[in-house]
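Examining the three-dimensional arrangement
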There are 2 protein chains.
Amino acid sequence: MLDNIHIILINTTHPGNIGAAARAMKTMGLNNLILANPYAKFPSAEITARAAGADSVLENTKVFASFAEAIKDFNVVIGTSAEERRLPLQRLTARECAEFVCAQNPAEKIAIVFGTERSGMSNEELALCQRQVVIPTSPDCTSLNLAAAVQVIAYEVFVAACAAERAEMPIKAAHDRLATSAELQQFYEHLEQTLLEIEFLNPVVDKKIFPRLTRLFNRACLETGEVNLLRGLLKALRKNSQTGCHPRESGDPG
Amino acid sequence: MLDNIHIILINTTHPGNIGAAARAMKTMGLNNLILANPYAKFPSAEITARAAGADSVLENTKVFASFAEAIKDFNVVIGTSAEERRLPLQRLTARECAEFVCAQNPAEKIAIVFGTERSGMSNEELALCQRQVVIPTSPDCTSLNLAAAVQVIAYEVFVAACAAERAEMPIKAAHDRLATSAELQQFYEHLEQTLLEIEFLNPVVDKKIFPRLTRLFNRACLETGEVNLLRGLLKALRKNSQTGCHPRESGDPG
């Protein structure tokens, strides 16, 4: 689904950043890395080590002599830069960029481009782009590590692609069946009855305690199994309390 | 605006990851780093080098002997883990986690926790958390570098905080002060002791019941007042169980 999206790194100096960028891409389903005139030797043991298993990305990586050469057959080229330029491009946040990318026809070749570690993209390089993407940062520290910037952009693209596909992100439904309202109400009645019996509740003295308990359990969104567990506990309490005496029938002054 | 949010790294091995995590935090306006029993020496030249200017975060970093010790006075503890667990917590995506964090009262101390490079957080560590956060990833490669994971979470928190500020959301956290981890642990000990006494728990027969109860209460994010209310209930149960009948002095036939 993300086959048309490419990450281009220009003039990268540190091999560790190339490896880490490959790993960042792989975690987010991006497999197309392009190195434009890399200053670091490629491939190398250090790159492979830092890629930490993203070998398929490294094997698939293409190297070009220049940025201009690299983007020749691309349809959409988006440059990353924190700075505002003299001739500003349309600026997108990382999230807007991801939505923009996912809204394109999958037949379009799309590049998201990262400049050097030291100074980012030059004005000349940005002039070859159709859009500029900016990762929002604290004004105190605007410079992300190169691979960290790739990670954030790749993450946003992956999340947007999942949303676009309406593919469920593989995260939901980590709970069992939630209790129905009816099951909850039965539990609450059982709870109230038991707490009255053990005289923890006294509705004359304090009407607020029981609503505070139901609020707490409501907030937890109980599963059916948990309601059953809690009702089992209430039964045990009642039994325990009744073995010594019978709490209600007779002679209670209350 | 993000002063109440802390990043906790447990048993981190590689100094470079600590430095890179500090830099990732600083770019996103997060200044509170905690190291729980770090395996790497702290501070060190390598950590400072990789922090690349995030010195203020390193100077502010606190080191604790254990994770449990580190979170004692925290109100909300969120564990990062890709895996589904036997007793799953409520799972949030990174974005949902950021919105959840920004919706809390700024007086609450909030921790977002990252496990070891090799294996992430243990089941025991996750059991001390109220929520689990998952960074969506490609199924082909689910393991982000530690500092890259910190970067993504910090980025989402920063973006959510900016959105919250821009919208000047007037409605914060409709709850009282949340309980600290220490208050929760004391409650759980009290609960376990009481349930053993009334013989609802039998650790020989079923080890799973008690963890299911703590999981439920963790999910609810209990307020201090609710913990006190529940402990009052436990006291009433114990008294009731010890006298063999209800606790009042007067005229009861039991």
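Position labels on residues start from 1 in each chain and follow its written sequence. Working convention: letters from A go to chains and numbers from 1 go to ligands, in the order in which they are written. Where totals are concerned, whole chains, interfaces and linings use all residues; where local detail is concerned, this predicted model gives features only for residues with pLDDT of at least 70, and gives and counts side-chain atom pairs only at 80 or more. In computing side-chain properties, one takes all heavy atoms of the structure into account and sets aside hydrogens as well as water.

**Points about the packing of aromatic side chains**
Each aromatic ring pair is summarised here by two numbers: the centre-to-centre distance and the angle between the ring planes. Put simply, two rings from Phe, Tyr or Trp (the six-membered ring, in Trp's case) pair if the centres are within 6.5 Å, and we call them stacked under 30 degrees between planes, edge-to-face over 60, tilted for the rest. Under the criterion given, the structure shown has 5 aromatic pairs over all chains. Geometrically, the ring pair formed by Phe217 of chain A and Phe217 of chain B is tilted, given 6.1 Å between the ring centres and 50° between the ring planes. Here Phe217 of chain A, found in helix α9 (residues 209-220), pairs with Phe217 of chain B, found in helix α9 (residues 209-220), and the two come from separate chains. Across the pair, Phe217 of chain B and Phe217 of chain A agree in class, each one buried. A run of H or I in DSSP counts as a helix once it spans at least four residues, and a run of E counts as a strand once it spans at least two, with each numbered from the N terminus. Here the term buried applies to any residue with accessible area under 20% of the maximum for its type, exposed to any over 50%, and partly exposed to those in between, with areas from a 1.4 Å probe on protein chains only.

**Observations concerning the nonpolar core**
Nonpolar cores were defined as sets of buried Ala, Val, Leu, Ile, Met, Phe, Trp, Tyr and Cys residues, with membership established by side-chain atoms within 4.5 Å. Ranked by size, the top nonpolar core spans 96 residues in total, and within it Leu9 of chain A together with Leu9 of chain B carry the most contacts. Listed in part, the 46 residues of the second largest apolar core include Leu201, Phe210 and Leu237 of chain A together with Phe217 of chain B.

**Observations concerning the packing of helix α1 (residues 15-27) of chain A against helix α7 (residues 146-165) of chain A**
Residue and element names in this part refer to chain A. Running from amino to carboxyl end, α1 crosses α7 at an angle of 15°, the nearest separation of the two axes being 8 Å. Put simply, α1 runs roughly parallel to α7. Crossing of α1 over α7 shows right-handed handedness. Within the contact between the two elements, α1 uses Asn17, Ala20, Ala21, Ala24, Met25 and Thr27 and α7 uses Leu146, Ala147, Val150, Gln151 and Ala154. Gly falls in the polar group here, along with every residue not listed as nonpolar (Ala, Val, Leu, Ile, Met, Phe, Trp, Tyr, Cys, Pro) or charged (Asp, Glu, Lys, Arg). A breakdown of the residues in the contact of α1 with α7 according to their chemical character gives 8 nonpolar, 3 polar and no charged. Axis angles are defined between N-to-C directions and span 0 to 180 degrees, where every axis is a line fitted to C-alpha atoms and, for a helix, only to the segment in contact. Each angle is binned into one of four classes, with values under 35 degrees roughly parallel, values over 145 roughly antiparallel, values of 65 to 115 roughly perpendicular, and all other values oblique. By definition, any crossing whose near helix is turned counterclockwise from its far helix by less than a right angle is left-handed, and any crossing with a clockwise turn is right-handed. Here a residue-residue contact requires only that any non-hydrogen atoms of the pair lie within 4.5 Å.

**Some details on the sheet that holds strand β3 (residues 62-64) of chain A**
Residues and elements named next belong to chain A. What makes two strands pair is DSSP finding at least two bridges between them. One open sheet accounts for 7 strands, arranged β3-β2-β1-β6-β4-β7-β5; its pairing is parallel. Two strands close off the open sheet at either side, each with one partner strand: β3 and β5 (90-93). Between one strand axis and the next, the sheet turns through 30° on average, direction left out of account. By the bridge criterion, 3 bridges tie strand β4 (residues 76-80) to strand β7 (residues 131-134) in an arrangement that is parallel. The residue bridging Ile78 from the neighbouring strand is Arg131, located in β7.

**A short note on the sheet that holds strand β2 (residues 32-36) of chain B**
All names here are of chain B. Pairing is parallel in the open sheet, where 7 strands are placed in the order β3-β2-β1-β6-β4-β7-β5. This sheet does not close on itself; its edge strands, each paired only once, are β3 (62-64) and β5 (91-93). Strand-to-strand twist in this sheet, taken as the mean axis angle between neighbours without regard to direction, amounts to 30°.

**What to know about the environment of Phe42 of chain A**
Residue and element names in this part refer to chain A. Tracing the sequence through the fold places Phe42 in the loop between β2 (32-36) and α2 (45-51). Residue class for Phe42 comes out partly exposed when judged on its relative accessible area of 22%. Note: C-alpha distance between Phe42 and Pro15 (27 residues apart in sequence) is 7.9 Å. Apart from the residues lying within four places of it in its own chain, the contact partners of Phe42 are Ile18, Leu35, Ile47, Leu58, Thr61 and Val63.

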